[in-house]
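Below, each chain spelled out in residue letters.
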Amino acid sequence: MSSSALLTSIGHPSEIAALLRWKLSGKAHAAKSLSGTTTPTSPKSRSFTSNGTNSVTSSQSNSSGDLNGLAESQNADLGKQSPNGDLPPLSDTATTWERCEYYLFLTSRSFAVVISELNATLRTPTALFYLVLRGLDTVEDDMTLDPAYKISLLENFYTFLSDTSWTFDGISQQEKDRALLVDFTCVTKELAKLDNVYQEVITDITKRMGKGMAMYISQEDSLQDPGNRVKTIQDYNEYCYYVAGLVGEGLTRLFLHSTLEPDLVDDPPHVLSVHMGLFLQKNQYY
């Protein structure tokens, strides 16, 4: 998902500036909350302010303490390479939006910084778009899941977005973003508050991405002999399209529907957005 952060910033100087500030000043800048409050001197002392009003009423069995344990167990590794390694504990009384902010900083790297600089109109839908796809990507990344079960999860993940009680604790304990799926109700409850047009974009991209990911999982995949359907350049391009090109399309559509970009043209199939996503996906590790 680091590619989507950069894709968002293309053509938006304020987002590029935010990314540069994070690179230069590290964790202090990333501590800034999504609501635009002043960054505390110490990331450990910062608080998250909410733009939501509902408290979490999750039907899952995990307590807030359990979620804190999951999150804290991940922080050591994350802190070595991202601005989220010393997040404050998640409060028992945190609202659904505060939980979303928490998981955004927990699971993202530069993306959380870019989102914090967005206009308020786009900040929430973009943050939720990221968290939804991060959840989907976590399912794809878990190599301990039975392949047939994983395919079913990926293909049907978009249907869970309309279920504000759905959570998933079957993910491997080794997956660094497991806590997000265990507490996924905070995402779906906030998603339900968005304008329908934003919900439709996020659901559509999630559906298409999940089905695309599933195409590249063999029923015979295993830890010992992972099936790899990327055998040609065409396969490679197609896979990158599903996991990154669609992100570019989704972000373009979110920006378009916000009406904040008057010069942005609705030009399906969003060729430039897709190709930028492909380019960044192919280069993000080099």
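Model, not experiment: these values are computed from the prediction.

Caption draft 1: The overall build of the protein, seen in detail. Helix and strand counts for the protein stand at 13 helices and 0 strands. Order of helices (α) and strands (β) in the protein, N terminus to C terminus: α-α-α-α-α-α-α-α-α-α-α-α-α. Residues counted as buried form 53% of the 286 residues belonging to the protein. The long-range share in the protein, meaning contacts at least 24 apart out of those at least 6 apart in sequence, stands at 72%. Within the structure as shown, the protein displays about 12,900 Å² of accessible surface, and the carbon and sulfur contribution to it stands at 52%.

Caption draft 2: Spatial organisation of the packing of aromatic side chains. Applying the stated criterion across every chain, the model contains 11 aromatic pairs. Considering the side-chain rings of Phe-157 and Phe-160, the 5.9 Å spacing of their centres and the 70° angle between planes classify their relative orientation as edge-to-face. On the criterion of helical spacing, the pair formed by Phe-157 and Phe-160 is a turn pair, its members being 3 residues apart in helix α8 (residues 147-160). Residue classification places Phe-160 among the buried positions, given a relative accessible area of 15%.

Caption draft 3: Local environment of helix α11 (residues 196-215). Between its first and last C-alpha atoms α11 spans 29 Å; for 20 residues at 1.5 Å apiece the expected length is 28 Å, and the two agree. When we look at burial in α11, the residues that qualify are Tyr-198, Val-201, Ile-202, Ile-205, Thr-206, Met-209, Gly-210, Gly-212, Met-213 and Ala-214. Close packing links the buried residues of α11 with α7 (120-141), α8, α10 (185-191) and α12 (233-258).

Caption draft 4: Representation of helix α13 (residues 271-283) within the structure. For α13, which comprises 13 residues, the first-to-last C-alpha distance of 18 Å matches the rise-based estimate of 18 Å (1.5 Å per residue) to within 8%. Within the sequence span of α13, burial applies to Ser-273, Val-274, Gly-277, Leu-278, Leu-280 and Gln-281.

Caption draft 5: Up close: the nonpolar core. Judged by nonpolar contacts, the single largest core of 59 residues is most densely connected at Tyr-103, Phe-157, Phe-184 and Val-187. At 10 residues, the largest contribution of residues to this core is made by α7.

Caption draft 6: Up close: the packing of α12 against α13. Closest axis-to-axis distance for the α12/α13 pair is 7 Å, and the angle between their directions is 125°. If you check the angle between α12 and α13, you find them oblique. In the crossing of α12 with α13, the sense of the turn from one axis to the other is right-handed. Where α12 abuts α13, its residues Tyr-236, Asn-237, Cys-240, Tyr-241, Val-243, Ala-244, Gly-245, Gly-248, Glu-249 and Thr-252 lie against Ser-273, Val-274, Gly-277, Leu-278, Gln-281 and Lys-282.

Caption draft 7: Just the environment of Leu-181, in detail. Relative to the helices and strands, Leu-181 resides in helix α9 (residues 178-182). What makes Leu-181 buried here is its relative accessible area of 0%. Measuring from C-alpha to C-alpha, the distance between Leu-181 and Phe-168 comes to 5.3 Å, with 13 residues separating the pair along the chain.

Caption draft 8: Quick look at the confidence of the model for the protein. Summarising the model, the protein shows a mean pLDDT of 74, and 63% of its residues fall at 70 or more. Note on residues 1-9: pLDDT is under 50 here. Beyond four places in sequence and across chains, it has 31 contacts.

Caption draft 9: Summary view of the packing of helix α5 (residues 96-107) against α7. Running from N to C, α5 and α7 point in directions that differ by 60°, and their axes come no closer than 10 Å. Between α5 and α7, the angle is such that the two are oblique. Once α5 is placed against α7, the crossing between them reads as left-handed. Contacts between α5 and α7 involve Trp-97, Cys-100, Tyr-103, Leu-104 and Thr-107 from the first element and Thr-124, Ala-127, Leu-128, Tyr-130, Leu-131 and Arg-134 from the second.

Caption draft 10: The pattern of salt bridges, seen in detail. The final tally for this structure, using the stated rule, is 9 salt bridges. As a salt-bridge pair, Asp-204 and Arg-253 come within 2.8 Å of each other at their nearest N and O atoms. With Asp-204 in helix α11 and Arg-253 in helix α12, the pair connects residues that are 49 residues apart, well separated along the chain. Overall, the relative accessible area of 25% leaves Asp-204 in the partly exposed class. Accessibility expressed as a relative area gives 17% for Arg-253, which makes it buried.

The rules behind each value
Residues numbered from 1 in each chain as written. Predicted model: local features only at pLDDT ≥ 70, side-chain atom pairs only at ≥ 80, totals over all residues. Heavy atoms only, no water. Helix = DSSP H or I, 4+ residues; strand = E, 2+ residues; numbered from the N terminus. Buried < 20%, exposed > 50% of the residue type's maximum accessible area, 1.4 Å probe, protein only. Contact = heavy atoms within 4.5 Å. Areas by Shrake-Rupley, 256 points an atom, 1.4 Å probe, with all protein chains shown as cover. Phe/Tyr/Trp six-rings, centres within 6.5 Å; stacked < 30°, edge-to-face > 60°. Expected span 1.5 Å × (residues − 1). Core = buried A, V, L, I, M, F, W, Y, C linked by side-chain atoms within 4.5 Å. Axes fitted to C-alpha atoms, helices over the stretch in contact; angles between N-to-C directions. Parallel < 35°, antiparallel > 145°, perpendicular 65-115°, else oblique. Left-handed = near helix turned anticlockwise from the far one by under 90°. pLDDT = per-residue confidence, 0-100. Salt bridge = Lys/Arg side-chain N within 4 Å of Asp/Glu carboxyl O.

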